[in-house]
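Structure assessment
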Amino acid sequence: MCAIVVTLCAFFTVLLLVGASEDDIKPSASNKVVKIVALFNENDDSAHQLAYNVSAKIVNIMDTVLPKNKIVPRSEYVVNDMYNVTRVVCESLKLGIAAFIDGTDDEDIANVIRSISTRTQIPFIETHWKTFHRPPDPYAINIYPDPSLLAEAIRDIILDMDWESFTAIYESPESLIRLKSLLMHFDYGHKGPGKSIKIIQIPPTDDFRPLFKELKLSGEKHLILDYKVEHIMRILGQAEEVHFMGDYQSFVITNLDAHTLSFNEFHKSMANITLIRLIDPESQHVKNAVEEIIFNEQKSGRISVLSPNTIKTKTALMYDAVNFFATSLHGLVATQTMGPTRIACDEIKPWVHGYSLINYMRVMELDGLTGKMRFNSETGNRNYFKVDVVRVQESKKHRLGSWDPVERITLTRSASEIYSEFAQSITNKTFIVVGKLVQPYLMRCNATEKGMDKDEECFEGFAYDLVEEMAKYNGFKFKFTTNQDYGIMNHKTGKWSGMIGELQSMRADLAICDLTITFDRRNAVDFTTPFMTLGISILYAKPEKKKPQLFWFLNPLSFSVWMYTATAYLGVSLFLFMLARMTPFEWELPHPVKPGDDTMENSMTLLNCLWFSIGSVLCAGCEVLPKITPNEWHDPQPWKDGNNELETRLNVANLIWFSCGTMLQQGSDVSPQAVSTRLVAGMWWFFALIMTSSYTANLTASITSGRLDTPIKNVDDLSKDSNIEYGCFEDGSTASFFQKSNLSLYQRMWSVMEASNPTVFTKSNQEGVDRVLKGKGRYAFLMESSSIEYQTERNCNLMEIGNTLDSKGYGIAMPMNSPYRTLISESVLRLQESGFMRELKDKWWKVQGDNKCEEEDESDELGFTKIGGVFVVLVLGCLIAFMFSILEFLWNIRKVAIEEEITPKEALILEWKFAMKCDGGVKPLRRRHHIDTETNNSDTS
C-alpha cells in the first residue's frame, strides 16, 4: 500500500509539470448534462456495463428524479496498470464529471481512483468489498455491504444451525475477512470442549476429492465454502463423486452470487445446501430492472439470458450506484444550483459541490435492487443491508429467512412448515438401521415363514417391530444390518468402533438395540427420546427349595431354648409341689367329709402340679380323659349311705364341654389356694405367655422368610459377601457406570471386579446369564433391569435382587446433528402415548402358555408337608395314651377279678361291656353283688 501511494505521488508530480491547463466550465441554467464515469476491467461481464447504462437511461426517463438534468454515463475499460488508470481518470476529469463509479474488483485500481477523488473532491462510489482495513476516505462511499457486518451475518446463520463443529474451505486470504466473526466466536486457535474447527485453504483448481474422503472418514458433516461462483459447481460435483453429498452433509456457501447457480444436477442429492443472497428475485423492482436490461439487449440485436434468479450482485450494485447518485444529486439540486467542473490533473482545483454531495450521500437512504441502503456518515461504509437465507432442496431454492444488522436473523417460515416439508421429503429415504443380535431386541427369523425370499435376510424382535411401526407412520423404508459390538472409543483418535462407529462414519442412519444413553456416547452421536427406562440391577440364581422338615414347627425356638423351657417346666412343677406341701393353706378336709374321718388332703399332688404347669403353657382343659381308665371313676358327690356305686364326669355333655374348653383355651381345674403357690403360678403364667407369644411370632416370621431364603437382599449385601462373586459385561454401560461412579460403594465394587482372578467380566450378557446358572448362588451378574426381566420370565431358576442402582434409558442413536432426530423422537413419543410401546414390550417380554414360570404361592395357607409333624405328635400322643389306658384297664381287670372272686375272663367281659356303653355315667362299686342281685331278680320274676 505504501509503495502504491509513493508511486501515485510521483506520477501526479509529473502530470502537474507537463499537463496543459484548462479553464473551468461554469455551470449555467441551460446546462442540464451531468456526466459520470464508470471504470470496468477489459474482461468484465458485459451485464455490469449494461446495467450501468440502463440505470442511467431509466433515471433520465423518470420525472421524479432530476427532471431538469440528464445523466450521461461514460464507461472506461482499464487494465491493472498505474499509468493507464491515471491517464483514463485524468481524461475523464477534463470532461467535467460529477462522480466516479468503480466497476472493477481491483483494489489497486480503486486506490488510484480514490487518491485522485480525494484531491478533486469528486465523489467516488465503490461497488466491491474492502479486502483490508484502511482509514476512512472523505469522498468515497461503498454501496457493497460492510465486510464486518457481512461476517456477522455468516456467523449468526451458522450459530442458528447449531453447528458445534465445521470445516471452512476458502480460496484466498481475503476470504478470512468474511469468516472472522465466526472464528472469533468459536475461539479458533484454542481447543474448546465439543468443538472441532478446521480452516483449510485450497486453490480452486486442485482436486478436492481426497479432502472430502478424509472429512467423511473423520465424521465431519458441516462445510463452509468461500469460493468464486464459477468454481462452486465443480467443487460440489467432486463431493458427490465421493458420496459426500448425503443427507447428513451440510454446506454453507458464502458467495453472494451463489443464488445464480442451477443445482439441477444435484436434484437427487439429499445434502443440505444453504446460500446467502443480497438480491430478492421476487422483488418487483428487480423484475422491472431485469426486463429493462433484456429489452435493451434485444433492441441492440443481442440475446440476453439474464433473469431475476441469475442477476449477479455486481450487476445489481452497478445499477444501484447510478440510481443512488442520481437520487442524491436530486436532493441536493433542490436546495442549490450546481454543475460539474472541468478539472485538469496538472492543476487540480477541487469541485466546490463535491463536499456537499458526498455528505448528502452518506445520510441518505435508498431502496435499490440490493435492498435498503444506509451508510455510516463517517466512513461511508454501508451499514445496513438485508441478506436472504436460502436453502436448496431437491435443486429448488426456498427462502428460510433473512438477516439485517438491526433485527439480526429472522425466520420467515415457521418451524411447522419446515418440519412438514422435511417430513414429506423423508418418503424417498431408505434408512440403514444397524442393530445387535440380542434377544428380544433383534433376532433372525425364517424368511420363508415370513413370505420372503429365502436368500433375503429376515429379522424380528422388539427393535424391528418398533422401526417398522415408525416407518409405516412416516412413510420411509428401512433395511437392517447387524453389528455385535456397541462400540468403544479410541481416546487417541476420538473415533468409535462398533455401532457408534458406523453412525459416525455415516454407514448407518439409525442404531437400535439395548443401547444405553451415556455421556460419552451422547458426545459422539445423537439420541432420540428414550423408548425404555431402566436401571442396573442384580441377576441371581434362585436358591433351591428346601424340603419341609417333619418337625418344622420346632424351628422357631432353638434346641437349647426347648431344653431350658423343659427344665423350667420341671423345676416350677417341683417347686410348686414343695410349696404346696409346706403351706397349711393347701391342706383341706376331704369333700364330702366321712364320719369318723379326721384326715386332711392336698390337691396339689406331684402329678397335679405337673398337669397344672403343662396346662398353663398349652392353655388346654384338663377335665377330660377317656373314661376307659379306672382313675376317672370315683365316689358320687355327695356320698349316700349304702351307695356302692362309682361315678365319672366323663359323660357325653362333658365331652362336648371339654372340646369347647379346649378351643376356648381354658386352664386346668387344679387351682392353687395359698398366696405362695398362687404367686409361683402367676409368674409361671407370665413366663408361659411370653414364651407362647414369642413362639407364635417366630413361627409367623419363619413362614414368611422361608419363601425367599437368599443370602443377599441388595447391592450392599452383595459387596459384603465374600462368598459370592459378581461381574458385568466388560464393554457395556454397566461397567462404565461402576468405573466412573463417585460413590465409595461402587468404587469398591469396581476395584473388586478388576482384581478378581479369574475375571468376573463377560463378553456378552448371555454369557453372564449362563454363568449365574452354573454358579448356583456363587456368582451374581449386574445387568440392566429390562434384560433381567426378560431372562427371569423365561428361566424360572433366576431372580432379580434389590432395587435398581441408577436410572437410564435406551434410545435410538443416529449421527450427530442428524436432520431426522426430531422426526424419530416425535415418533417415539407418539408410540409411548398411544400405548403401543407397552403392548410391544409385553409381546416380546411376557411368556404365555405352558412355558410360563409358575408363581410361588405367596398365600398364608400352609401345606400339609409343613405341619405334618404336628399331626405326628398328636397321633403319637394318642397312641401312648391308648397304651397307658390298656395297661390301666388290664390292671383294673386283675384287681376286680381278685376282689370279686371271679375269673379274669369274666372280669374282662364285664369291664369291656360296660366300657362300650356310651350312656353309662355310673359304675357299680361291687361287681359280684351287682351280678347276684341281677340273678335273683331274674329268678323271682
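What counts as what
- Residues numbered from 1 in each chain as written.
- Predicted model: local features only at pLDDT ≥ 70, side-chain atom pairs only at ≥ 80, totals over all residues.
- Heavy atoms only, no water.
- Helix = DSSP H or I, 4+ residues; strand = E, 2+ residues; numbered from the N terminus.
- Buried < 20%, exposed > 50% of the residue type's maximum accessible area, 1.4 Å probe, protein only.
- Contact = heavy atoms within 4.5 Å.
- Areas by Shrake-Rupley, 256 points an atom, 1.4 Å probe, with all protein chains shown as cover.
- Core = buried A, V, L, I, M, F, W, Y, C linked by side-chain atoms within 4.5 Å.
- Salt bridge = Lys/Arg side-chain N within 4 Å of Asp/Glu carboxyl O.
- Patch = residues over 30% accessible without salt bridge, like charges linked within 9 Å, V, L, I, M, F, W, Y side chains within 5 Å.
- Pairing = 2+ DSSP bridges.
- Polar contact = N/O pair within 3.5 Å; in protein donor to acceptor, adjacent residues only side chain to side chain.
- Axes fitted to C-alpha atoms, helices over the stretch in contact; angles between N-to-C directions.
- Parallel < 35°, antiparallel > 145°, perpendicular 65-115°, else oblique.
- Nonpolar A, V, L, I, M, F, W, Y, C, P; charged D, E, K, R; others polar.
- Disulfide = S-S within 2.5 Å.

1. Focus on the overall build of the chain
Tallying secondary structure elements over the chain gives 29 helices and 33 strands in all. Expressed as a percentage of its 941 residues, the buried residues of the chain come to 46%. Put simply, 70% of the contacts in the chain that link residues at least 6 apart link residues at least 24 apart. Taken as a whole, the chain presents about 49200 Å² of accessible surface, with 55% of it coming from carbon and sulfur.

2. Examining the nonpolar core
Counting 82 residues, the largest nonpolar core has Phe 100, Ile 101, Ile 125, Phe 324 and Phe 325 as the members making the most contacts within it. A total of 9 residues in this core trace back to one element, the largest contributor, which is helix H10 (residues 313-333). Non-local contacts of Ile 101, meaning those with residues more than four positions away in its chain, are made with Ile 36, Val 37, Ala 38, Leu 39, Tyr 52, Ile 125, Thr 127, Met 318, Ala 321 and Val 322. Ile 426, Phe 431, Met 443 and Leu 466 belong to the second largest nonpolar core, which has 37 residues in total.

3. As for the pattern of salt bridges
A complete count under the given rule lists 31 salt bridges for this structure. In this structure, Asp 156 engages Arg 408 in a salt bridge whose closest nitrogen and oxygen atoms are separated by 3.4 Å. A residue pair is termed long-range when its members are at least 10 positions apart, and Asp 156 in helix H5 (residues 147-160) and Arg 408 in strand S16 (residues 408-411) qualify at 252 residues. The buried category is assigned to Asp 156, whose relative accessible area is 13%. Between Asp 509 and Lys 429 there is a salt bridge, with the nearest N and O atoms lying 3.3 Å from each other. Of this pair, Asp 509 sits in the loop between helix H14 (498-504) and strand S21 (510-511) while Lys 429 sits in the loop between helix H12 (415-425) and strand S17 (430-435), placing them 80 residues apart in sequence. Linked through salt bridges whose partners overlap, the residues forming this network are Glu 107, Arg 114, Glu 126 and Asp 137.

4. Section: the environment of Pro 340
Tracing the backbone through its elements, the reader meets Pro 340 in the loop between H10 and helix H11 (354-363). Spatially, the C-alpha atom of Pro 340 lies 7.5 Å from that of Trp 351, the residues being 11 residues apart in sequence.

5. Description of a nonpolar patch on the surface
On the surface, a nonpolar cluster with roughly 230 Å² of combined accessible area is contributed by Phe 551, Leu 554 and Val 873. Relative to the assigned elements, Leu 554 resides in the loop between strand S24 (536-541) and helix H16 (559-582).

6. What about the pairing of strand S15 (residues 396-404)?
Of the strand pairs in this sheet, strand S14 (residues 387-393) and S15 are connected by 7 bridges, and their pairing is antiparallel. Note on S15: the bridge partner recorded for Arg 391 is His 398. Counted between consecutive antiparallel strands, the loop separating S14 from S15 contains 2 residues, among which Glu 394 sits at a positive phi close to 55°. Here S15 pairs with S16 via 4 bridges, running antiparallel. Looking across to S16, one finds that Asp 404 is bridged to Arg 408. Count of turn residues in the S15/S16 antiparallel hairpin: 3 residues.

7. A closer look at the side chain of Lys 429
When its relative accessible area of 11% is taken as the criterion, Lys 429 is described as buried. A polar side-chain atom of Lys 429 sits 2.5 Å from a polar atom in the side chain of Asp 247. Polar side-chain contacts of Lys 429 include one of 3.3 Å to the side chain of Asp 509. In this structure Lys 429 touches Asp 247, Phe 476, Lys 477, Asp 509 and Tyr 820, once residues within four positions along its chain are discounted.

8. Some details on the packing of helix H13 (residues 462-474) against helix H25 (residues 821-834)
The contact between H13 and H25 brings their axes to 10 Å, and the two run at 110°. When the axes of H13 and H25 are compared, the pair comes out roughly perpendicular. Between H13, through Leu 466, Glu 469, Met 470, Tyr 473 and Asn 474, and H25, the contact on the second element is made entirely by Leu 823, Ile 824, Ser 827, Val 828, Arg 830 and Leu 831. Partitioning the contact of H13 with H25 into residue classes produces 7 nonpolar, 2 polar and 2 charged.

9. Brief notes about the sheet that holds strand S4 (residues 124-126)
Judged by pairing direction, the sheet is mixed, and its 8 strands sit side by side in the order S2-S1-S3-S4-S5-S13-S12-S11 without closing on themselves. Each having just a single partner strand, strand S2 (70-78) and strand S11 (366-368) make up the two edges of the open sheet. Pairwise comparison of adjacent strand axes, ignoring direction, gives a mean angle of 30° for this sheet. With 2 bridges joining them, strand S5 (residues 140-145) and strand S13 (residues 381-384) adopt parallel strand pairing. Bridge pairing in S13 places Pro 145 opposite Arg 382. Sitting on the sheet, helix H4 (residues 107-120) is in contact with strand S1 (33-41), S2, strand S3 (97-102) and S4, with an inclination near 155° to S4.

10. Some points on the state of the cysteines
Under the defined criterion, the tally for this structure stands at 2 disulfides. Two residues, Cys 90 and Cys 345, share a disulfide whose sulfurs are 2.0 Å apart. Because the torsion about its S-S bond is -105°, the bridge between Cys 90 and Cys 345 counts as left-handed. Of this pair, Cys 90 sits in helix H3 (residues 82-93) while Cys 345 sits in the loop between H10 and H11; the two residues are 255 residues apart in sequence, bridging distant segments of the chain.

11. Structural notes on the sheet that holds strand S10 (residues 272-277)
Taking strand neighbours across the sheet as the criterion, the 8 strands line up as S7-S6-S8-S9-S10-S14-S15-S16 in an open arrangement whose pairing is mixed. The two strands at the open ends of the sheet, each matched to only one other strand, are strand S7 (196-201) and S16. When strand polarity is set aside, the average angle formed by the axes of neighbouring strands in this sheet is 25°. Relative to strand S9 (residues 250-253), strand S8 (residues 222-226) is paired through 4 bridges, and the arrangement is parallel. Each bridged residue has a counterpart across the sheet, and for Leu 223 the counterpart in S9 is Phe 251. On top of the sheet, H5 reaches S8, S9, S10, S14, S15 and S16; it is set at about 45° to S16, its chief contact. Strands S8, S9 and S10 of the sheet are contacted by helix H8 (residues 229-241), whose axis makes an angle of about 170° with S9.

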